[in-house]
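# Overview (structure and organization)
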Amino acid sequence: QSALTQPRSVSGSPGQSVTISCTGTSSDVGYYNYVSWYQLHPGKAPKLMIYDVSKRPSGVPDRFSGSKSDNTASLTISGLQAEDEADYYCCSYAGTYTSRVFGGGTKLTVL
Amino acid sequence: QVQLVQSGAEVKKPGASVKVSCKASGYTFTNYYMPWVRQAPGQGLEWMGIINPSTGSTSYAQKFQGRVTMTRDTSTSTVYMELSSLRSEDTAVYYCARGSFYGDADYWGQGTLVTVSS
């Protein structure tokens, strides 16, 4: 199973918005509404930011939002803050026998 | 509060096996699936598989089929991940998590560093 495709890096200034894309296929992202997004700070465990394409877990700021169009899911972070600087990974369900697949990760730099 | 506490770091020789434990507390153990994910140094997250603690059923990523075994002990609310035939490329931090069948995981263990070196 190939990894989902994410940009290697994105950047933005404090207060701006950035969008991270996650491109899969009609067998994963395009077929199922089970895309999740994780935030990773160095040396720390992943943190769930979005699940089921656009749902936010309790405690995640509403500055974080998720969406999907065809085979591409997106994570948008509005009102960028310094603490948003981290790596972000998408993950999609891909069917029972294919399991789940991660994207390659995107490094977000807050300028 | 929900806690997932993993076993400590391991150093293994190529060809050996490693078994990592993950003890859950603060919630009903059998109500949530538990995936295992790893991150090699400088690399991204990699899905290894998932276990249903209620039934013991498992689903493994194709890459690890035949090398990974996930089990659970409901009496101690602990899940285990055993990886065999270790090679240097298996050097990574291994995470257990609590989540749904579809892959989203809301609580994570602290990670276990497994180093494979001769």
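Residues numbered from 1 in each chain as written. Chains lettered and ligands numbered in written order. Predicted model: local features only at pLDDT ≥ 70, side-chain atom pairs only at ≥ 80, totals over all residues. Heavy atoms only, no water.

### As for the overall build of chain B
Along chain B, the regular secondary structure elements total zero helices and eleven strands. Counting from the amino terminus, helix and strand elements in chain B follow one another as β-β-β-β-β-β-β-β-β-β-β. Compactness check: chain B gives a C-alpha radius of gyration of 13 Å against a globular reference of 13 Å for 118 residues, within 12% of the reference. Referenced to the eigenvectors of the C-alpha coordinate spread, the extents of chain B come out at roughly 40 × 25 × 25 Å. The buried share of chain B, taken over its 118 residues, is 47%. Counting only contacts in chain B whose residues sit at least 6 apart along the sequence, the fraction spanning at least 24 positions is 52%. If you sum the accessible surface of chain B, you get close to 5,300 Å²; carbon and sulfur atoms cover 45% of it. (Helix = DSSP H or I, 4+ residues; strand = E, 2+ residues; numbered from the N terminus. Rg over C-alpha atoms; globule rule 2.2 N^0.38 Å. Buried < 20%, exposed > 50% of the residue type's maximum accessible area, 1.4 Å probe, protein only. Contact = heavy atoms within 4.5 Å. Areas by Shrake-Rupley, 256 points an atom, 1.4 Å probe, with all protein chains shown as cover.)

### Focus: the state of the cysteines
Disulfide: a covalent bond formed between the sulfur atoms of two cysteine residues. Going through the model one piece at a time under the given rule, you end up with two disulfides over all chains. Each sulfur of the disulfide joining Cys22(A) and Cys90(A) lies 2.0 Å from the other. Torsion about the S-S bond of the Cys22(A) and Cys90(A) cystine: about 80 degrees, corresponding to right-handed handedness. Of this pair, Cys22(A) sits in strand β2 (residues 18-23) while Cys90(A) sits in strand β7 (residues 86-93); the two residues are 68 residues apart in sequence, bridging distant segments of the chain. The pair formed by Cys22(A) and Cys90(A) is uniform in burial state, with each residue classed as buried. Here Cys22(B) engages in a disulfide with Cys96(B); their sulfurs sit 2.0 Å apart. (Disulfide = S-S within 2.5 Å.)

That's the geometry; what it means functionally is another story.
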